[in-house]
Every structure is written in C-alpha cells, then in structure tokens.
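Chain residues, written in single-letter form:
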Amino acid sequence: MSYSLLFLLALQFCLGSASGTTLTSAHSLELTTPPTSPQATAAWLPPGGTSWAEGGTVSQPLSNFTGSVDSHGTCQCSVSLPDTAFPADRVERLEYTAHILSQKFEREFSKVKEYVQLISAYEKKLRNLTVRVEVMEKDSISYTELDFELIKLEVKEMQKLVLQLKKNFVGSTHIIDMLEEEIRNMTLLVEKLESLDQNNVLSIRRQILALKTKLKECEASKSGLVPATPPPPAPGRLLGAAGRILWILNFWCFSLFHQNMQNVSLALGSCSHGGVVNISAPSVIQLNWLGFSYKYGAWGRDYSPQHPERTLYWVAPLNTDARALEYYRLYDSLDNLLIYSHFRDYRIRYGQGGGTVAFNNNLYVNWYNGRNIAKINLTTNVVDVNRPLPLAAYNNRFSYANVNWQDIDLAVDEQALWAIYATEASTGNIVISKLNDTTLEVISTWVTKQYKPSVSNAFMVCGVLYATRTLNTKTEEIFYYYDTNTEREGNLGITMRKIQERIQSINYHPFDQKLYVYNDGYLLNYDLVFLQTPRQPV
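Residues numbered from 1 in each chain as written. Predicted model: local features only at pLDDT ≥ 70, side-chain atom pairs only at ≥ 80, totals over all residues. Heavy atoms only, no water.

K.L.:
How do you make sense of the overall build of the protein when you look at a structure like this?
P.N.:
Tallying secondary structure elements over the protein gives seven helices and 24 strands in all. The burial tally for the protein puts 41% of its 538 residues in the buried class. Within the protein, residue pairs in contact and separated by at least 24 positions form 54% of the contacts whose partners lie at least 6 positions apart. For the protein, the exposed area adds up to about 29,400 Å²; of that, 56% sits on carbon and sulfur atoms. (Helix = DSSP H or I, 4+ residues; strand = E, 2+ residues; numbered from the N terminus. Buried < 20%, exposed > 50% of the residue type's maximum accessible area, 1.4 Å probe, protein only. Contact = heavy atoms within 4.5 Å. Areas by Shrake-Rupley, 256 points an atom, 1.4 Å probe, with all protein chains shown as cover.)

Structural data, given as structure tokens:
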C-alpha cells in the first residue's frame, strides 16, 4: 500500500472534511483535530468500525492506523506506514559501535605500550642484577647484609611488577573477549543489513561492476568499428534511484562508445584534430625508486612508430645535485613499474638535466657540461651517436623557470624527435628544431617569441609546441603554443593540476596520448583532450 493511499484513508477515517492536520513522525502520521459535533464524530467512523468513546481507540484489522479521542475531546489518529527505506538507524548504531570499539582498542593498545616500556626497564634491571649476583658469587670479597637487602628489594619490585602485569593482562583478556563478541555481533548486523538492502545498494554495486566491464568492451571495440547499439531507455521507464543510476551509467557507456567511434581517426598517433583543448586530473603513479631526495629528473614511455603498443617505461632521476644524470631504470610494463619489479638498471656518466626522452628504443640525453646530444641504445646502454646542437646555449644559460640545467629539452611527438632550447641570437627565446633521430642532425628550425626562462616546461604534440607556466603551488597552466606546421603562435588557458610545487619535466607519448610528468620526485601522468575538428589554416 502506498504512502498516499494510507494518508487518504487516515484523513477519511479521522477528519472527513475537517481541518487542522499535523504530521508528527517520519514513520507514523498523527492527525489531530477537535471534533465539531457528535454527529460529525459518528460520520468519521469507517464501515464496520465501532463508536468513539472517551479515551477509546478504534482499530481496524485490515488497516494499519488507530484513532482516539483524548480527555479534551481532541481527535488523534496515528497511521503506521511500512518502513521501506534502508535501515539508516541501524547503520548509525553500527558506526557508533565501531567508534566505541576503536576507543577501547586504543586504550588497550596504550596499556600494551606502557607494559612494553616497563618490561624493557625491568629487563635492564634484571640483567644488571644478574651481573651483580654473578660477580658476588665469583668474588672472594665478603658483602654486608645491606648489599643483599638491596638485591632483595629489587627482586621484590620486579615481583610486584609481574603480579601487576598478570592482573592487568587478565583484565585485558576479558576486555578482548568482549571486543571479540561485539565484533561478532557487528558482523551479524552487517549481514542482516545486507539482507535488508531494500534500496538495492548491493544490486547497484554489482551493476556498476558489470557496466565497468561493458565500458572496457566499448573501449576495446573502438578499433573494430562495431555497429552502435540503440540508446538505453529514458529514466522515466526505470523505477527508483537504482534505475536512474543504471540509466546514467548506461548512457555514459553509450556516449563513450559513440565518442570512440568518432575518435577512431584521432587515435594511434593520428594528428587529425584541432590541438589540445583540455587536460585531465593527474594520476599519481608512484615516487621515483631512489626516494624523496631525488626531486629532479624525467620519466616516460618509449615510443616506436613501428611498434606503438610497446610498453617500455623508463625512469631517470637526477642526482641530488639536480644536474647529473647517472642512473636510469627500465620496466617492461606499467605493472612492473608500480611494484618496482623486473627492472633493469643502467649507469651512465655523462647525462645532464631533465630534458631526457626515449624514442625507437634509444634514450636521448644532453651531454654533461656541453651542448651535445647523446643517443644511447636501451638494449646495450652504449652511446651510438654524440653530436652538438648548433648554437644552443647550455649550462644554465637559458633553462626553464625553477628548473636548472635544462637548457636543452628533448621531446617526441607523432612526427619526429625535437629539441627545445634557446640561443644567444634568439636572446633567450625558445628555438624549436626537428632532429634526425638516427644521426641527430638538425632538419628544420623555428624561432618563437616566447622567452624560455619564463616557461616552467614544454612538450610537443603533432608539431605544436605547448609551454606551461606556474600559477601557484598546486596549479600549472598551458598558456602558450607555437605551431611549426603553420608558424602560428598564440595563448591558451588550460589549467593543469599538480601534487607538488615544481614540475621538472614533461614528456608526451603519441600512442596513449598522455603526458608523463616528473613532479618533485613523483611520477604523474595526464590524459590530453583534443579538439574534434582540425583548426582552420591561417
């Protein structure tokens, strides 16, 4: 029986057409009004009901409401509605019980700490006493009665401690038994709450897990061009909060599927988009394997156009001087990186700064104390090529803001290997050069109007330079771009969150379209969002 029907029955039973109704309870309705006349009172009786009496009660076997008239002649009607909601009061009691148990546990735990301290202290005393007794046994010197009395006194103190500990531990054992019993009761209550899950909380949870599986299938199907399924029904056809949540999740999956169908041409290293328009919140992968002291460095995923799905991750923290790159580590999968497992460590003695990048199974670094770029084979850790970058400033002449020794920043995108740097001729403005990744020769060069030391870092996407700057300790901004395809530059306003104050390096991976950011020793990554339609040429 619905709430509205019960409410109407109660009104018909108690009031008829009278006014003055009041609601007094969340689980019952009490309707109070003074009767206008005995005739009106008689008119209120439902079929089959008995007459009203002073202080009497009318109860119907087929109705869950009762009525009465008090000593002042006021009609009172109480309607008990079925409790179809989730038992929140029991959950509150469960939370309160858990809080009490936590307090009891903390008290017992503090006692254990005190006992441990006492036992440690008396353990030292006992050790000293043992030594003294052994000395007295071996020594031929005669001791006075006072010496033995002191030893007896110390022994008695330890005996008292043992008795005290024994007594307290007995009491604690009783408390622990009580805690165990209460925890068992809590477990039963949770199981009962699960059985009373009338709002389908558990059902929703299972549906969400099922929909997550569907979302994975949606993502997997974007490369297969599977025909789109019809949209889910409107929320009006589904009943309750569970239905609305399921409709929202299904609609999300459906929208994601269509978006993936539209973005198939944008995936797998394609540049048929209008550039970066937004960025996701950061995902914290982990702290670098050397620890908190190694705040400077770089990390990323090796990109190979021939094998774009390859999952070779590299982490290259600088030494604590924030300059020398001496060690780097390779992982064959992100899972191995997360648990510091199945890695390969390599050492080099000539790296400098956090402008490192990996491309086609090679690591490219700035050579220490110069403008050279070194190409290191990731399989053999051997330098295959070492070539200077013409006219590039080096050794902190035009490094990024808040980051030293990164005058030469190497980058990779869908098109090529790039060098981001500055020269004396450019008066510190950013210079972009496309490099031959085999010989490290410069193919083309562009000079921008953006001063490099005012930029916190930069990266390349589809031949477009994106530069960042610091807004505050928790926020960066992608504020500037330069398109080498059109030689067009301009300003942006894309907010980029971070977890630490300084960003030391940013590397872009064309296949997964993520940014790999080294943030004060932490390894972060971000998803980039692109404009669906290509920008119109100038």
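K.L.:
It is not clear to me how the pairing of strand 8 (residues 313–317) should be interpreted in this structure. Could you clarify?
P.N.:
Look at any regular strand and the pattern is simple: side chains alternate between the two faces of the sheet. Burial analysis of strand 8 places five of its five residues in the buried class, the great majority of the element. Residues of strand 8 alternate between two faces, with Tyr313, Val315 and Pro317 on one and Trp314 and Ala316 on the opposite face, all of them buried. Sheet topology places strand 7 (residues 297–301) next to strand 8; five bridges connect them, and they run antiparallel. For glycine 300, the partnering residue across the bridge sits in strand 8 and is tryptophan 314. (Pairing = 2+ DSSP bridges.)

K.L.:
Explain the packing of aromatic side chains here, please?
P.N.:
In this description, a pair of aromatic rings is defined by centroid distance and the angle of the planes. Per the counting criterion, the structure on display carries 10 aromatic pairs. Measuring from ring centre to ring centre gives 5.5 Å for phenylalanine 459 and tyrosine 466, while their planes differ by 20°; the resulting arrangement is stacked. With a relative accessible area of 1%, tyrosine 466 lands in the buried category. Here the aromatic cluster, defined as three or more aromatic residues joined through ring pairs, consists of Trp299, Tyr313 and Tyr516. Of note, arginine 323 hangs over the ring of tryptophan 405, and the distance from its end group to the ring centre comes to 3.9 Å. Positioned over the ring face of tyrosine 400 is lysine 452, at 3.9 Å from the centre of the ring. (Phe/Tyr/Trp six-rings, centres within 6.5 Å; stacked < 30°, edge-to-face > 60°. Lys NZ or Arg CZ within 6 Å of the ring centre and 35° of its normal.)

K.L.:
What is the right way to read the sheet that holds strand 20 (residues 475–483) from this model?
P.N.:
The strands that make up a sheet pair up through hydrogen bonds in the backbone, lying either parallel or antiparallel. An order of 18-19-20-21 is seen for the four strands of this open sheet, with the pairing classed as antiparallel. The open sheet has two free edges, formed respectively by strand 18 (457–461) and strand 21 (488–497), since each of these has just one partner strand. Here the average twist between neighbouring strands, direction ignored, is 25°. Summarising the sheet, strand 19 (residues 464–472) and strand 20 pair through eight bridges and their orientation is antiparallel. Across the sheet, the residue bridging to leucine 465 is tyrosine 482, located in strand 20. (Axes fitted to C-alpha atoms, helices over the stretch in contact; angles between N-to-C directions.)

K.L.:
Got a minute to help me understand the state of the cysteines in this structure?
P.N.:
What is meant by a disulfide is a covalent connection between two cysteines, made through their sulfur atoms. Taken as a whole and judged by the stated rule, the model has one disulfide. Covalently, cysteine 271 is tied to cysteine 462 through a disulfide, its sulfur atoms 2.0 Å apart. Residues cysteine 271 and cysteine 462 are joined through a disulfide that is left-handed, its torsion about the S-S bond being -95°. Pair noted here: cysteine 271 is in the loop between helix 6 (240–262) and strand 5 (276–279) and cysteine 462 is in the loop between strand 18 and strand 19, with a separation of 191 residues, a long-range link. (Disulfide = S-S within 2.5 Å.)

K.L.:
Help me out: how do you make sense of the sheet that holds strand 8 in this one?
P.N.:
Spatial ordering of the open sheet is given by 7-8-9-10-11-12-13, a layout of seven strands whose pairing is antiparallel. Two strands bound the open sheet, and with one partner strand each, they are strand 7 and strand 13 (383–388). When the angles between neighbouring strand axes are averaged without regard to direction, this sheet yields 30°. Note that strand 12 (residues 372–377) and strand 13 share five bridges and pair antiparallel. The residue of strand 13 that forms the bridge with lysine 375 is valine 385.

K.L.:
I would appreciate a short explanation of the side chain of arginine 329 in the present structure.
P.N.:
Counting through the fold element by element, arginine 329 comes out in strand 9 (residues 324–331). On the accessibility criterion, arginine 329 (7% relative accessible area) is buried. A polar side-chain atom of arginine 329 sits 3.2 Å from a polar atom in the side chain of tyrosine 331. Within polar-contact distance, the side chain of arginine 329 engages the side chain of aspartate 345 at 2.6 Å. Apart from residues no more than four positions distant in its own chain, arginine 329 is found in contact with Trp289, Tyr313, Trp314, Val315, Tyr340, Phe343, Arg344 and Asp345. (Polar contact = N/O pair within 3.5 Å; in protein donor to acceptor, adjacent residues only side chain to side chain.)

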